[in-house]
Amino acid sequence: MKRINIEPRANWQQKCEAVGFHFYNMYGEPYWDETACYRFTTSEINELEAATQTLQELYIEAAERIIQENRFSQLSVPEQFAELCRQSWERDDPSLYGRFDFAYDGINPPKLLEYNADTPTALLETAVVQWTWLEEMFPEADQFNSVHEKLLAAFVEMNGLAGETLYFSCERETLEDLGTVEYLRDLAIQAGLNTQHIYIDDIGWSEELEVFCDLDNQIIRHLFKLYPWEWMMRENFGKYLLLEPMKLIEPAWKLIWSNKAILPILWEFFPDHPNLLPAYFDSGKLSHPYLSKPVFSREGGNITIYFGDREYQTEGIYGDEPLIYQSYYQLPNFDGYYPVIGAWVIGGEAAGICLREDREIVTQDLSRFVPHYFSI
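Residues numbered from 1 in each chain as written. Predicted model: local features only at pLDDT ≥ 70, side-chain atom pairs only at ≥ 80, totals over all residues. Heavy atoms only, no water.

Taking an unreviewed UniProt entry as the reference, the chain is identified by name as Glutathionylspermidine synthase family protein belonging to Okeania hirsuta.

Structural data, given as structure tokens:
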């Protein structure tokens, strides 16, 4: 694994826009960065793929045991929504995607930092943008990246939606989220599905029919939402989700996997696993350095790293959430940059990786996306 400085493609902005990628700059800062890339060996890619599939299986086993042992209180999931999770899991409600975040240096085993199992982004740039970059820059090389193909296949398999509309929703004024859902919606259209975009705050509720509906009072029976389950269950309309008036992607059981409180439970179930970091509900069981994370949080918000003589903190909106504690694992340092590897799972299968890097030791929402390739 090596970081390589390279010259960006000529007219790279236009090439990004040509594939629907318009948020290569965000908030006045570069987000997509092709002044560098990461090169892997085939054996390193094989190791990342194997770790992804292994952890997917560990998460399945952990969810089974959490449900059987009724451990939902440790996940801060209210009883009513715990029952919703249980029923969703027992029905095997389908999941589309998720993204493990790894610390990896090409030498030691990949270490799981967390699982973005409900609302991961960086999807379009992984599946399409870095692939088109590879074809132009390193046509003789390869890339761990079957995300696009696996997503399309997953939508093709949704034949149970025949005649129904699959709605795609996100918050307003979030260009990254909109780009993600529009990319997914385009794939669904290619798969032959009827689709419609609707912003999350435009979704209404019919008291008379007990259904969610759009602005034209059409019933929403199927919804892909780039909007976290923990936010939905706390909204005023959250109680209506308990009636299960529509099928959601991602399903309710993702409240278990996307919850950082699963990390101490995983360590309890699979102690000393080479791809896991020690994690607990009690900080007293860890020695310095260690960190705290809110159980419901995103994009590196409200993380505190305890080094003993000092602390490192990130800002965020999750300061009131319960915390879990995890052993601190130093991200590798490549030329002053700290990369995190996002390992994608599509339809339950390992599907590729992406890299986000930062000069800070915690990856956050403005960390830059850098492409990769591996030698064959």
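Now, onward.
K.L.:
Where do I start with the environment of E250 in this structure?
P.N.:
By secondary structure assignment, the location of E250 is in the loop between β12 (247-249) and α9 (254-257). The class of E250 is buried, set by a relative accessible area of 0%. For the pair E250 and W229, spaced 21 residues apart in sequence, the C-alpha to C-alpha distance is 8.5 Å. In this view, E250 contacts S95, L96, Y97, A117, D118, K225 and W229; residues no more than four positions away in its chain are not counted. Within the local environment of E250, its side chain forms a polar contact with the side chain of S95, the two groups lying 2.5 Å apart. Of note is the side chain of E250, whose polar atom sits 2.7 Å from the side chain of K254. (Helix = DSSP H or I, 4+ residues; strand = E, 2+ residues; numbered from the N terminus. Buried < 20%, exposed > 50% of the residue type's maximum accessible area, 1.4 Å probe, protein only. Contact = heavy atoms within 4.5 Å. Polar contact = N/O pair within 3.5 Å; in protein donor to acceptor, adjacent residues only side chain to side chain.)

K.L.:
Before we go on, may I ask you to explain helix α2 (residues 42-68) in this structure?
P.N.:
For an α-helix the count is 3.6 residues per turn, leaving residues at separations of three or four pointing the same way. For α2, which comprises 27 residues, the first-to-last C-alpha distance of 40 Å matches the rise-based estimate of 39 Å (1.5 Å per residue) to within 8%. Two residues or fewer after α2 comes N70, characterised by a positive phi angle close to 55°. (Expected span 1.5 Å × (residues − 1).)

K.L.:
Sorry, what's going on with the sheet that holds strand β5 (residues 97-103) here?
P.N.:
Consider a sheet: its strands pair through backbone hydrogen bonds, and that pairing is either parallel or antiparallel. Read across the open sheet, the 5 strands follow the order β6-β5-β18-β19-β20; overall the sheet is antiparallel. Two strands close off the open sheet at either side, each with one partner strand: β6 (111-116) and β20 (368-370). Looking at each pair of strands side by side, their axes are set apart by 35° on average, direction ignored. Packing of helix α4 (residues 123-137) onto the sheet brings it into contact with β5, β18 (338-346), β19 (349-358) and β20, and relative to β19 it is tilted by some 100°. (Pairing = 2+ DSSP bridges. Axes fitted to C-alpha atoms, helices over the stretch in contact; angles between N-to-C directions.)

K.L.:
What am I meant to see in helix α3 (residues 79-91) here?
P.N.:
Helix length check: α3 (13 residues) gives 19 Å between terminal C-alpha atoms against 18 Å at 1.5 Å per residue, within 8%. Every buried residue belonging to α3 is among F81, A82, L84, C85, R86, S88 and W89, and all of these are buried. Of the surrounding elements, those touching the buried residues of α3 are α2, α7 (229-232), α8 (238-241) and α9. Just beyond α3, the residue with positive phi is D92, at close to 60°.

K.L.:
Explanation requested: the pattern of salt bridges in the structure shown.
P.N.:
Close approach of charged atoms lets side chains of opposite charge pair. The full count for this structure, using the stated rule, is 21 salt bridges. Notably, a salt bridge pairs K225 with D118, separated by 2.9 Å at the nearest N-O pair. Linking K225 in strand β11 (residues 222-225) with D118 in the loop between β6 and α4, this pair joins segments that are 107 residues apart in sequence. A single burial state applies to K225 and to D118, both of which are buried. (Salt bridge = Lys/Arg side-chain N within 4 Å of Asp/Glu carboxyl O.)

K.L.:
Please clarify how the nonpolar core should be interpreted in this entry.
P.N.:
Soluble globular proteins tend to bury their nonpolar side chains together. If you look at the biggest cluster of nonpolar residues, it comprises 73 residues, and the most contacted ones within it are F40, I256 and W257. Top contributing element to this core by residue count: α2, with 10 residues. Two domains each put at least three residues into this core: domain 1 (2-259 + 344-374) and domain 2 (278-327). Beyond its immediate stretch of four places on either side in the chain, W257 contacts Q56, Y59, I60, A63, W89, Y115, A117 and I262. (Core = buried A, V, L, I, M, F, W, Y, C linked by side-chain atoms within 4.5 Å. Domains from an automatic or database assignment.)

K.L.:
How should I be thinking about the packing of α2 against helix α10 (residues 262-269) in this particular structure?
P.N.:
In helix packing, the relevant descriptors are the interaxial angle and the interaxial distance, both defined with respect to the helix axes. In contact at an axis separation of 10 Å, α2 and α10 are set at 95° when each is read in the N-to-C sense. In terms of orientation, α2 lies roughly perpendicular with respect to α10. Contacts from L58, Y59, A62, R65 and I66 in α2 reach I262, L263, I265, L266 and F269 in α10. A class-by-class count of the residues in the contact of α2 with α10 yields 9 nonpolar, no polar and 1 charged. (Parallel < 35°, antiparallel > 145°, perpendicular 65-115°, else oblique. Nonpolar A, V, L, I, M, F, W, Y, C, P; charged D, E, K, R; others polar.)

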